[in-house]
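# Structure at a glance
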Amino acid sequence: DTGVSQDPRHKITKRGQNVTFRCDPISEHNRLYWYRQTLGQGPEFLTYFQNEAQLEKSRLLSDRFSAERPKGSFSTLEIQRTEQGDSAMYLCASSPTSYLAGGPLEQFFGPGTRLTVL
Amino acid sequence: RKEVEQDPGPFNVPEGATVAFNCTYSNSASQSFFWYRQDCRKEPKLLMSVYSSGNEDGRFTAQLNRASQYISLLIRDSKLSDSATYLCVVHLRGKSTFGDGTTLTVKP
């Protein structure tokens, strides 16, 4: 399967614990995005990488959230001291970059990691 | 006010109907525009990009009005398989902002 993969698919944790999610993008894609989605809402932008550089981070993201893409390939999203409000689906997407168009081409989403904080 | 606003619906239409979805965005500097489709408990998938000149893909037509900061999606001859949530997406300098989606149910 050459699509975007995410691991784990489901995570149940207790409030206050740290969790880490992994995303493996499509190999030739240099952009990688993280989103959070709750029921009835659209995906909410968290951050994105151009290769290994984290170029933008949402103001909504507290200091408890951190993301890395150390070698420009896979990425991790860590949430420290989880809270019940962190319960959501965490989606990763990747895309190539079209500099000619000034923006990205299609974003391909992974299946997501569903986080439940008890 | 949200950056991208959509009528949440739900839209319940019979097979064969024509249905239109609207989306407005607040940032006039927005660069790229898309419609994504999301099935229940699945990840979003690109339906089509939206260009100023308007574009059509089979039964689907997308329009962009930059002056009014408005995007539309028209679905003709609705099929049962069109039932999904349709997400309007606006992109600016690396950041994509999604609307909350419009839910469509096509009934026999």
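To be clear, the structure that these remarks concern was listed above.
Residues numbered from 1 in each chain as written. Chains lettered and ligands numbered in written order. Predicted model: local features only at pLDDT ≥ 70, side-chain atom pairs only at ≥ 80, totals over all residues. Heavy atoms only, no water.

### Points about the sheet that holds strand S1 (residues 5-7) of chain A
Residue and element names in this part refer to chain A. Strand order in the open sheet formed by four strands is S1-S3-S8-S7, and the pairing between neighbours is antiparallel. Strands with a single pairing partner mark the edges of an open sheet, and in this sheet they are S1 and strand S7 (65-68). Going from strand to strand, the sheet's axes swing by 15° on average, the running direction of each strand aside. (Pairing = 2+ DSSP bridges. Helix = DSSP H or I, 4+ residues; strand = E, 2+ residues; numbered from the N terminus. Axes fitted to C-alpha atoms, helices over the stretch in contact; angles between N-to-C directions.)

### Describing the sheet that holds strand S7 (residues 60-65) of chain B
All names here are of chain B. If you trace the five strands from one edge of the open sheet to the other, you get S1-S3-S8-S7-S6, paired in antiparallel fashion. The open sheet has two edge strands with one neighbour each: strand S1 (4-6) and strand S6 (55-57). Each strand axis lies, on average, 20° off the axis of its neighbour in the sheet, ignoring direction. In this structure, S7 lies alongside strand S8 (residues 70-75), joined through six bridges in antiparallel fashion. Bridge assignment links Gln63 to a residue of S8, and that residue is Ser72.

### A closer look at the pattern of salt bridges
Pairing between side chains of opposite charge can happen when the charged atoms of each approach one another. A complete count under the given rule lists ten salt bridges over all chains for this structure. Here Asp24 of chain A ties to Arg22 of chain A by a salt bridge, and the two come within 2.7 Å at their closest N and O atoms. Here Arg22 of chain A falls in the partly exposed class, since its relative accessible area comes to 34%. The shortest N-O distance in the salt bridge between Asp39 of chain B and Arg37 of chain B comes to 2.9 Å. Judged by relative accessible area, Asp39 of chain B falls into the partly exposed class, the value being 31%. Salt bridges sharing common partners tie together Arg64, Glu83 and Asp86 of chain A. (Salt bridge = Lys/Arg side-chain N within 4 Å of Asp/Glu carboxyl O. Buried < 20%, exposed > 50% of the residue type's maximum accessible area, 1.4 Å probe, protein only.)

### So, the interface of chain B and chain A
Between chain B and chain A, the contact holds 19 residues from the first and 21 residues from the second. The contact between chain B and chain A buries some 1500 Å² in all, and 51% of this surface belongs to carbon and sulfur atoms. For the interface between chain B and chain A, the tally reads zero salt bridges. The tally of links from chain B across to chain A stands at five residue pairs in polar contact (both at pLDDT 80 or more). For the side of chain B that touches chain A, the element with the highest residue contribution is strand S4 (residues 32-38) of chain B, accounting for four residues. (Contact = heavy atoms within 4.5 Å. Buried area = accessible area lost by both parts, 1.4 Å probe. Polar contact = N/O pair within 3.5 Å; in protein donor to acceptor, adjacent residues only side chain to side chain.)

### Quick look at the nonpolar core
Counting 23 residues, the largest nonpolar core has Phe21, Trp35, Ile71, Leu73, Ile75, Tyr86 and Leu104 of chain B as its most contacted members. Those elements giving two or more residues to this core turn out to be strand S3 (19-25), S4, strand S5 (45-50), S7, S8, strand S9 (84-92) and strand S11 (102-107) of chain B. If you look at the next biggest cluster of nonpolar residues, it comprises 19 residues, including Val4, Phe21, Leu115 and Val117 of chain A. (Core = buried A, V, L, I, M, F, W, Y, C linked by side-chain atoms within 4.5 Å.)

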